[in-house]
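Observations on the model geometry
Read off the chains here:
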Amino acid sequence: MIVDVIISICLVVGGIFGIVGSYGLIKLQDTMQRLHAPTKATTLGVGGVLVASMLYFLFKEDTYTFHELLISAFLFLTAPITAHFMAKTHIRMRELRGTLPETQRKHGWSLYDTPPEMLTDPPADEVKSLESR
Amino acid sequence: MLKKLIPHPLLSLTLTVVWLMLVNKFSLGNLLLGGVLGLLIPVLTAPYWPGRPNVRGPFKMVEYVLIVIWDIIVANVEVALLILFKPNRDLKSAWVTVPLDLRSPEAITVLAGTITMTPGTVSAMLSSCGTSILVHCLHTDDPEAVRDEIKNRYERRLKEIFQ
Amino acid sequence: MITYALMFAFGCFGLGLLANLWRIIRGPGRADRILALDTMVINSIALIILYGIWQGTAVYYEASMLVAMVGFVSTVAYCRFVLRGDIIE
């Protein structure tokens, strides 16, 4: 009975965070603002659903799977990377160079400046792959 | 010799555990297969990953992970409340530059991931020398405070872990 | 009770998918469309897992894991394409 309540709470919380993340995608005005909604809200949304399913299979079906853990670990590892890529894509497309703050270092932001050790004569591909690290 | 055979011991262990979780059934055969994969894959991919990250302090790592998980939950609630109840014109977004004291690429990667997953911030870009990180804040009244919080809360702990 | 909670979650993620579709159609920039596609992938992972609970089988985990991996790779590939294709050297 208590397990039922916990599973239901996890499902409802997950659902609420999922819909809030997708609603934020519609509501917010600026692309960079919109980037915040899915990367945060949706990871906890899916996380809630995964916890619920883990508990459900553990207590209701008497089978255990580690796949939920793997899926949530995978999502938590990849969400920052996709967010980083999308932010860079946005900055590249909109050419925001003037609106960004200074790096407070000798070299500029990686989209606009060549890395110092690359200045000699690097193949173009290598510069790009280093940039996006 | 040993360093050549097992270039990344932690990676080997992780791969074996992940393999066991994937097949979802513990048996000697699966353990052996996972172990072979865990030994083989790091050797084959060693040219792409020459340096070994210098990690110390397992308790500090656990502490860091727990702090980040707690912050992720708080961040989710905060961002959800901002999305639901804050009118768009009241949202004050800002770009923040965070100069880094960290030097190892692994530590900077972990820090960038942490920034993205925690309260209202997304890491957007590194400077070309890799010593400064560009952060976008969803809503803040004081960008300086955000920078100081990132430096004190996460970077200080990471500096202790990745020496 | 679990049944009702499941139905609620189904509704939430389904509505989320519609919201993402709206953003894909409207989205002013390419970054918005990539973002909406990525969110769609995450929402569909949640839907697949919910369907697994609904049916009471653990078969759908493999499917959701594959969707997660393919979604990540496709998002990164799309971003890389945009980042590289626009560079004039």
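Cut-offs used in this document
- Residues numbered from 1 in each chain as written.
- Chains lettered and ligands numbered in written order.
- Predicted model: local features only at pLDDT ≥ 70, side-chain atom pairs only at ≥ 80, totals over all residues.
- UniProt positions renumbered as here; feature names shortened; annotations may be inferred.
- Pairing = 2+ DSSP bridges.
- Helix = DSSP H or I, 4+ residues; strand = E, 2+ residues; numbered from the N terminus.
- Axes fitted to C-alpha atoms, helices over the stretch in contact; angles between N-to-C directions.
- Contact = placed C-beta atoms within 7 Å.

- Per an unreviewed UniProt entry, chain C carries the name Multicomponent K+:H+ antiporter subunit F and comes from Sagittula marina.
- Chain C has a UniProt comment under Sequence similarities (unreviewed entry) that states "Belongs to the CPA3 antiporters (TC 2.A.63) subunit F family."
- Reading the Subcellular location (unreviewed entry) entry of the UniProt record for chain C gives the comment "Cell membrane".

- An unreviewed UniProt entry lists chain B under the name Multicomponent K+:H+ antiporter subunit E, from Sagittula marina.
- Word for word, the UniProt comment on chain B under Subcellular location (unreviewed entry) is "Cell membrane".
- Recorded under Sequence similarities (unreviewed entry), the UniProt text for chain B is reproduced unchanged: "Belongs to the CPA3 antiporters (TC 2.A.63) subunit E family."

1. Quick notes on the sheet that holds strand 1 (residues 94-99) of chain B
Residues and elements named next belong to chain B.
- Read from one edge of the open sheet, 3 strands run 1-3-2, paired in antiparallel fashion. Since the sheet does not close on itself, it has two edges, and those belong to strand 1 and strand 2 (121-126), each with one partner. With direction set aside, neighbouring strand axes in the sheet form an average angle of 30°.
- Relative to the sheet, helix 5 (residues 105-117) contacts strand 2 and strand 3 (132-137), its axis offset from that of strand 2 by approximately 145°.
- With respect to the sheet, helix 6 (residues 143-161) is in contact with strand 1, strand 2 and strand 3, its orientation differing from that of strand 1 by roughly 40°.

2. A closer look at the UniProt feature "transmembrane region" (unreviewed entry) in chain B
- Residues given the UniProt feature "transmembrane region" (unreviewed entry) here are residues 6-23, 30-49 and 61-85 of chain B.
- For residues 6-23 of chain B, helix accounts for 83% and strand for 0%, while the C-alpha atoms at its two ends are 24 Å apart.

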